[in-house]
Amino acid sequence: MPLIVSLNLQIAFFPGGVSLLINEIMMKNPVVIYENESLAEVREKIKKYNVDSFPVLNINNEPTGILTGLALTTTQDDLADKRVYDIMKPVEDICVVKEFEKTNTIFNKSCELFFVVDDLGKFKSLIRKRHVMKMHYEKLQHSVSKHRSFMSCVDSGVLLLSRVGNIVEANKRSEEIFDLDANEIVGMHISDVLDSQDISTIKAEDKESYSTVLNLRNKKIIIFKEPVLRKNKYIG
């Protein structure tokens, strides 16, 4: 009779990204100007605040455009009778986002600078795409680092899956379970290492805890899947 070895395998679904809201990383207290201000006044603000561009608002505090120092410099006309609305660049609807939107909604938009508004369309702040991408990268690196630290110290085999079931991390203990090097396991689909019928109930969108026992090459594997929560909200 073959020897049955009992091993634990824990499966977690990696959220696959970083969840941030616009208002968490938007600029704090940006200097604004109003479309009816004189250009002479704006020049003084540029000197005072040492900024190269201003969001432009109307009297209702709704964003209407952007005015850069370069636009002022290249204006040849007498500034005394000119107003901001004469030379500002109008804001495009695609460059306006809500303060409680997720930051990843801006990645497929062509703008670099976004106007942040509340639900009534009132101006709240600005946010730059490159700053958002930098924050996403830093938080993702931190998240991956925490997962790796956890996986290296537990006594169970641990697989970290993407939402579509691809294995993105595998610890050393999982090598003993699957008789494969961890580097070989990473990149496989979970169905490549476990029978698809056995894992049919393991789904990323399933928010319930789950456990089962499988037999794999004379090894009894106890599989656990637990929902991942952040601030009492399901994330994976």
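## Quick notes on the pairing of strand S7 (residues 113-117)
- S7 sits mainly inside the fold: five of its five residues count as buried.
- Neither face of S7 is open: one carries Leu-113, Phe-115 and Val-117, the other Phe-114 and Val-116, and all of them are buried.
- With five bridges joining them, S7 and strand S8 (residues 123-128) adopt antiparallel strand pairing. The partner of Phe-115 across the bridge, within S8, is Leu-126.

## Focus: the layout of surface pockets
- For the second largest pocket, the calculated volume is near 300 Å³.
- If you go around the second largest pocket, you meet 16 residues; those closest to its centre are Ile-66, Lys-89, Pro-90, Leu-113 and Phe-115.
- If one sorts the elements of the lining of the second largest pocket by residue count, strand S4 (residues 63-68) sits on top with three residues.

## What about the side chain of Asn-58?
- Topologically, Asn-58 is positioned in the loop between strand S3 (53-57) and S4.
- Looking at Asn-58, its side chain comes within polar contact range of the main-chain nitrogen of Asn-60, at 2.9 Å.

## Observations regarding the sheet that holds S8
- Pairing is mixed across the open sheet formed by three strands, whose spatial order is S6-S7-S8. Of all strands in the sheet, those with a lone pairing partner are strand S6 (96-98) and S8, marking the two edges. Within the sheet, the average angular offset between the axes of one strand and its neighbour, ignoring direction, is 35°.
- Where S6 meets S7, three bridges bridge the pair, whose relative direction is parallel. Bridged to Val-96 within S7 is Phe-115.

## Digging into the pairing of strand S9 (residues 157-161)
- A large share of S9 lies buried, amounting to five of its five residues.
- Going residue by residue along S9, you find Gly-157, Leu-159 and Leu-161 tucked away on one face and Val-158 and Leu-160 tucked away on the opposite face as well.
- With three bridges connecting them, S9 and strand S10 (residues 167-170) associate as antiparallel partners. By the bridge assignment for S10, Leu-161 is matched with Ile-167.

## Remarks on the state of the cysteines
- Under the counting rule described, the total for this entry stands at one disulfide.
- There is a disulfide in this structure between Cys-95 and Cys-111, and the S-S distance comes to 1.8 Å. Looking along the S-S bond of the Cys-95-Cys-111 disulfide, the torsion reads about -75°, which is the left-handed sense. Within this pair, whereas Cys-95 is found in the loop between strand S5 (89-90) and S6, its partner Cys-111 is found in the loop between S6 and S7, the two being separated by 16 residues in sequence. Here Cys-95 matches Cys-111 in class, with each residue buried.

## Section: the pattern of salt bridges
- Scanning the entire structure with this criterion turns up five salt bridges.
- The salt bridge partner of Glu-37 is Lys-45, with a shortest N-O separation of 3.3 Å.
- Judged by relative accessible area, Glu-37 falls into the buried class, the value being 12%.
- The partly exposed category is assigned to Lys-45, whose relative accessible area is 23%.
- The closest approach of N and O atoms between Glu-112 and Arg-130, which form a salt bridge, is 3.1 Å. One end of the pair, Glu-112, is in the loop between S6 and S7; the other, Arg-130, is in helix H5 (residues 129-153), with 18 residues separating them in the sequence.
- In this structure Glu-112 comes out as partly exposed when scored by relative accessible area, which is 30%.

The rules behind the values
- Residues numbered from 1 in each chain as written.
- Predicted model: local features only at pLDDT ≥ 70, side-chain atom pairs only at ≥ 80, totals over all residues.
- Heavy atoms only, no water.
- Buried < 20%, exposed > 50% of the residue type's maximum accessible area, 1.4 Å probe, protein only.
- Helix = DSSP H or I, 4+ residues; strand = E, 2+ residues; numbered from the N terminus.
- Pairing = 2+ DSSP bridges.
- 1 Å grid on protein atoms, 1.4 Å probe; cavity = no way out; pocket = protein on both sides within 12 Å on 5 of 7 lines; lining within 4 Å.
- Points joined across faces, edges and corners; volume = space filled by probe spheres on them.
- Polar contact = N/O pair within 3.5 Å; in protein donor to acceptor, adjacent residues only side chain to side chain.
- Axes fitted to C-alpha atoms, helices over the stretch in contact; angles between N-to-C directions.
- Disulfide = S-S within 2.5 Å.
- Salt bridge = Lys/Arg side-chain N within 4 Å of Asp/Glu carboxyl O.

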